[in-house]
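Survey of secondary and tertiary structure
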Amino acid sequence: KAGVTQTPRYLIKTRGQQVTLSCSPISGHRSVSWYQQTPGQGLQFLFEYFSETQRNKGNFPGRFSGRQFSNSRSEMNVSTLELGDSALYLCASSSGSDTQYFGPGTRLTVL
Amino acid sequence: KQEVTQIPAALSVPEGENLVLNCSFTDSAIYNLQWFRQDPGKGLTSLLLIQSSQREQTSGRLNASLDKSSGRSTLYIAASQPGDSATYLCAVRGGSYIPTFGRGTSLIVHP
């Protein structure tokens, strides 16, 4: 089985722009979670989607949003980018057994 | 609010040593605890998942224990190898089912 894939792997944007990141879960997995990882804050939960519905949301501003499609693929959007949004964004999928399988991440740099 | 602490933050050991990584959490009302490893610039790889009703899990040279009453988990690595060099993270799922991650233990195993 193919693992979790994330695109793009690297991204450079400037302040004020918006960005969309994509995540394709492992086939058959219906839960997709997103995380932000920075040296300062560590790994923080953004949100989780299950069957196209947001099931949980972390403590991030409304500039961070996401959605999940009927094929379980998920996208995350960040609007009005700030320098502090520079981070590794990780996506994880789960079949409901609680074990999460992570993708390689998207490295976002905001200039 | 759940807080997860991992001690030590960094560890350097010679090959062959048995070692213990610690994870402590402040709220004992948890669903499960998961241990991951992360290689530099990469995503996370799941190592072991312990449900709240379990006391330990084993996989190969790895053994993880959970003591909810004291808010602690340990990851035991037997006969360490250079390939074990990575950052080890623990994640606790609490009442909100949102996972909280520790900052990790950076492990170097030198030949």
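Quantities reported herein were computed from a predicted structural model and do not represent experimental measurements. (Residues numbered from 1 in each chain as written. Chains lettered and ligands numbered in written order. Predicted model: local features only at pLDDT ≥ 70, side-chain atom pairs only at ≥ 80, totals over all residues. Heavy atoms only, no water.)

With that out of the way, let us pick up the overall build of chain A. Looking only at helices and strands, one finds 0 helices and 11 strands in chain A. If you list the helices and strands of chain A from N to C, you get β-β-β-β-β-β-β-β-β-β-β. Over its C-alpha trace chain A gives a radius of gyration of 13 Å, about what one expects of a compact globule, namely 13 Å for 111 residues. Each principal axis of the C-alpha atoms in chain A carries an extent, and together these give about 35 × 25 × 25 Å. Taken over 111 residues, chain A has a buried fraction of 50%. Put simply, of all contacts in chain A between residues at least 6 apart along the chain, 52% involve residues at least 24 apart. Accessible surface for chain A amounts to roughly 5200 Å². Of this, 48% is attributable to carbon and sulfur atoms. For chain A, the distance from the average site of its 11 positive side-chain charges to the average site of its 6 negative ones is 5 Å. (Helix = DSSP H or I, 4+ residues; strand = E, 2+ residues; numbered from the N terminus. Rg over C-alpha atoms; globule rule 2.2 N^0.38 Å. Buried < 20%, exposed > 50% of the residue type's maximum accessible area, 1.4 Å probe, protein only. Contact = heavy atoms within 4.5 Å. Areas by Shrake-Rupley, 256 points an atom, 1.4 Å probe, with all protein chains shown as cover. Lys, Arg positive; Asp, Glu negative; His and termini not counted. Charge placed at Lys NZ, Arg CZ, Asp CG, Glu CD.)

Right, let's talk about empty space enclosed by the protein for a bit. Residue and element names in this part refer to chain B. Per the counting criterion, the structure on display carries 1 cavity of 30 Å³ or more. The computed volume of the largest cavity comes to approximately 30 Å³. Going through the elements one at a time, strand 4 (32-38) and strand 9 (86-93) are the ones with two or more residues in the lining of the largest cavity. Of the residues assigned to the lining of the largest cavity, the class counts are 4 nonpolar, 3 polar and 1 charged. (1 Å grid on protein atoms, 1.4 Å probe; cavity = no way out; pocket = protein on both sides within 12 Å on 5 of 7 lines; lining within 4 Å. Points joined across faces, edges and corners; volume = space filled by probe spheres on them. Nonpolar A, V, L, I, M, F, W, Y, C, P; charged D, E, K, R; others polar.)

What follows concerns the packing of aromatic side chains. Under the criterion given, the structure shown has 8 aromatic pairs over all chains. Measuring from ring centre to ring centre gives 5.8 Å for Phe36 of chain B and Phe101 of chain B, while their planes differ by 35 degrees; the resulting arrangement is tilted. Of this pair, Phe36 of chain B sits in strand 4 while Phe101 of chain B is found in strand 10 (residues 99-101), placing the two residues 65 residues apart along the sequence. Across the pair, exposure class does not vary: Phe36 of chain B and Phe101 of chain B are buried alike. Members of the aromatic cluster, connected to one another through ring pairs, are Tyr35, Phe45 and Phe102 of chain A together with Phe36 and Phe101 of chain B. Cation over ring: Arg55 of chain A sits above Phe50 of chain A, and NZ or CZ is 4.5 Å from the ring centre. (Phe/Tyr/Trp six-rings, centres within 6.5 Å; stacked < 30°, edge-to-face > 60°. Lys NZ or Arg CZ within 6 Å of the ring centre and 35° of its normal.)

Quick look at the interface of chain A and chain B now. Each partner contributes residues to the interface: chain A has 21 residues there, and chain B has 18 residues. On the surface where chain A and chain B come into contact, there are 3 residue pairs in polar contact (both at pLDDT 80 or more). Secondary-structure elements contributing two or more residues to the side of chain A that touches chain B are strand 4 (31-38), strand 5 (42-50), strand 6 (53-57) and strand 9 (87-94) of chain A. Along the lines of polarity and charge, the residues of the side of chain A that touches chain B split into 8 nonpolar, 10 polar and 3 charged. (Polar contact = N/O pair within 3.5 Å; in protein donor to acceptor, adjacent residues only side chain to side chain.)

Attention now moves to the pattern of salt bridges. Within this structure, the stated rule accounts for 7 salt bridges over all chains. Taking the shortest distance from any N to any O, the salt bridge between Glu75 of chain A and Arg73 of chain A comes out at 3.4 Å. Residue Glu75 of chain A is classed as buried on the basis of its relative accessible area, which comes to 17%. Taking the shortest distance from any N to any O, the salt bridge between Asp39 of chain B and Arg37 of chain B comes out at 2.8 Å. With a relative accessible area of 15%, Arg37 of chain B lands in the buried category. Residues participating in the shared-partner salt-bridge network are Arg63, Glu82 and Asp85 of chain A. (Salt bridge = Lys/Arg side-chain N within 4 Å of Asp/Glu carboxyl O.)

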